[in-house]
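Geometric and topological summary
Letter by letter, the chains look like this.
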Amino acid sequence: MTTHHPHRLHQPRRRNRLAVGAVSLISAAAITACAPAARPATTAEPLHAPDAVDGGGAAEVARPARAIAVVDERGAVTLIDLATEERSVIAAAGSAVQTVDGSGRYLFLARTHAAETSVLIVDSGRWTQPHGDHSHYFHREARVVGEISGAGHAAVVVGADAVAITFDGSEMVALRYEELASQGTDAATRVAADGAELSVVVGDELVRAVHGVVDVPGQESVPCAGVRDVDTTRAGTVFTCADAAVIVSREVGGALSVGAVPFAPSDGTLPGGEAAASPRSTVSVSDDPVAGIAPPAEALAGRGDRPDLAAPAGDLGVWRLDVRAGAWTLLESDAPLVRAAALGDDAHRTVAIDAAGALRVLAEDGEVIARTEPLVAAALADPRTRDRVALVLDSSHAYVSDPEAGAIHEVELDTGIVSRTFDAPDPRFLELVG
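If you're wondering where the values come from, they're calculated on a predicted model, not measured in any experiment.

When you go through the chain residue by residue, the secondary structure sums to two helices and 35 strands. Out of the 434 residues belonging to the chain, those deemed buried represent 55%. When the accessible surface of the chain is split by element, carbon and sulfur atoms take 50% of a total near 17400 Å².

Rendered as structure tokens:
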């Protein structure tokens, strides 16, 4: 049911290139390959363009087949089609879910049962394929692909061309999306993690956060104490560390470069006095003295395939990272912000949820340009649900889960109007697909 509202790490370098015969991680242009399937009914008119990309049996449609994937605490996955509002359950409830990560098509649910850990892989059947100066859109039947099992905690990192799953530093499993679509989990490659906390595939290379550094094949390791997260953006792969972001970029010709962007201070040095690694050594923070004492980001977030990321900066506001420029900006706020994600548009807008439960849209300088009434105040006030409030973005809307009310709010970013509210009894995790 939908209701409508008028309101609005130093150690010797080692080469981690994955063998071509094993993972063969190449261009993202091949991601559209998938197992043959009958054409499903689509939410958009089929498109037959002269330059059509092979969808491997999926229907090509004229516009993105966008949906919200809602995952409850027991791992049941429900798709809510944003065009038709139709719902479909694509994975049944099972073991308790710790994390959910999404590629824009695939969902990766890390689950535990007794002493076993597994990552369930679900294909939403909806995706966008960039193709030069335009994109192609596909829609096929959703399905459960399979699962990857391992020992210990599973850290899932979604890269541009592949997903990497690190099991407690002992084993890393890589799956290229192209091969996942056609071969399922049989295409998985397993290698020793050698103590890595997080791993990500960038191009053909395996990049790891291990023993306090980011280890990039062919480059000097860059310090990264207390690694917390990894995000893939259009402009590079970002490791969030205790005192800096480490950015790994692909240069012309495919070579990788790496450098650190410290949170503070603004003189280009790390807290220990060591110079930030080139080429990413520019820091841009506000002129206010509090920029030097703002706590570092815990976990960055942004819209998929965009160059900006953001995270709350304690009670002071929001950190925004321009990955392309390699620069931080501290956007100060008159109230603590508990969630933040960068829209990554030309205006460098950031979307945040404040401690009162209202969603705010911030301009490049931090000015509030749109705001809702408190939407999730009760959920934030309850310790049992506070951490379950999720925020995800598309180009024109924010989707905010309210676990207290059992709902998902759709907010128009230009106006702050709540355009729709979807019933969702247990919206533990949200991902946008299509």
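Once you've had a look at it, read on.
As a further point, take the pattern of salt bridges. In total, this model carries 19 salt bridges according to the counting rule given. Note that Arg 420 is salt-bridged to Glu 85, the shortest N-O span being 3.1 Å. You can see Arg 420 sitting in strand E34 (residues 418–423) and its partner Glu 85 sitting in the loop between strand E4 (77–81) and strand E5 (87–91), a full 335 residues away along the chain. Classification of Arg 420 as buried rests on a relative accessible area of 12%. A salt bridge links Arg 420 to Glu 410, with the nearest nitrogen and oxygen atoms 2.7 Å apart. Taken together, the residues Arg 420 in strand E34 and Glu 410 in strand E33 (residues 407–412) connect sequence positions 10 residues apart. Given a relative accessible area of 4%, Glu 410 falls into the buried group. Through salt bridges that share partners, Glu 73, Arg 388 and Asp 426 make up one connected network.

Before going further, it helps to spend a moment on the state of the cysteines. Summed over the entire model, instances satisfying the criterion amount to one disulfide. Through a disulfide, Cys 224 is tied to Cys 241; the S-S separation comes to 2.0 Å. The chirality of the disulfide connecting Cys 224 with Cys 241 is left-handed, given an S-S dihedral of about -95 degrees. With Cys 224 in the loop between strand E19 (222–223) and strand E20 (229–233) and Cys 241 in the loop between strand E21 (236–240) and strand E22 (244–250), this pair connects stretches of sequence that are 17 residues apart.

The biggest cluster of nonpolar side chains holds 21 residues, and the ones touching the most others in it are Val 207, Val 214, Phe 239, Val 246 and Val 248. Where this core is concerned, the elements lending two or more residues are strand E12 (154–158), strand E16 (196–202), strand E17 (205–210), E22 and strand E23 (256–262). For Val 248, the contacting residues outside a window of four places in its chain are Val 207, Val 214, Val 216, Gly 236, Thr 237, Phe 239, Leu 256, Ser 257 and Val 258. Formed by 20 residues, the second largest nonpolar core is a distinct cluster that contains Val 376, Ala 379, Val 389 and Leu 391.

So, how was this worked out
- Residues numbered from 1 in each chain as written.
- Predicted model: local features only at pLDDT ≥ 70, side-chain atom pairs only at ≥ 80, totals over all residues.
- Heavy atoms only, no water.
- Helix = DSSP H or I, 4+ residues; strand = E, 2+ residues; numbered from the N terminus.
- Buried < 20%, exposed > 50% of the residue type's maximum accessible area, 1.4 Å probe, protein only.
- Areas by Shrake-Rupley, 256 points an atom, 1.4 Å probe, with all protein chains shown as cover.
- Salt bridge = Lys/Arg side-chain N within 4 Å of Asp/Glu carboxyl O.
- Disulfide = S-S within 2.5 Å.
- Core = buried A, V, L, I, M, F, W, Y, C linked by side-chain atoms within 4.5 Å.
- Contact = heavy atoms within 4.5 Å.

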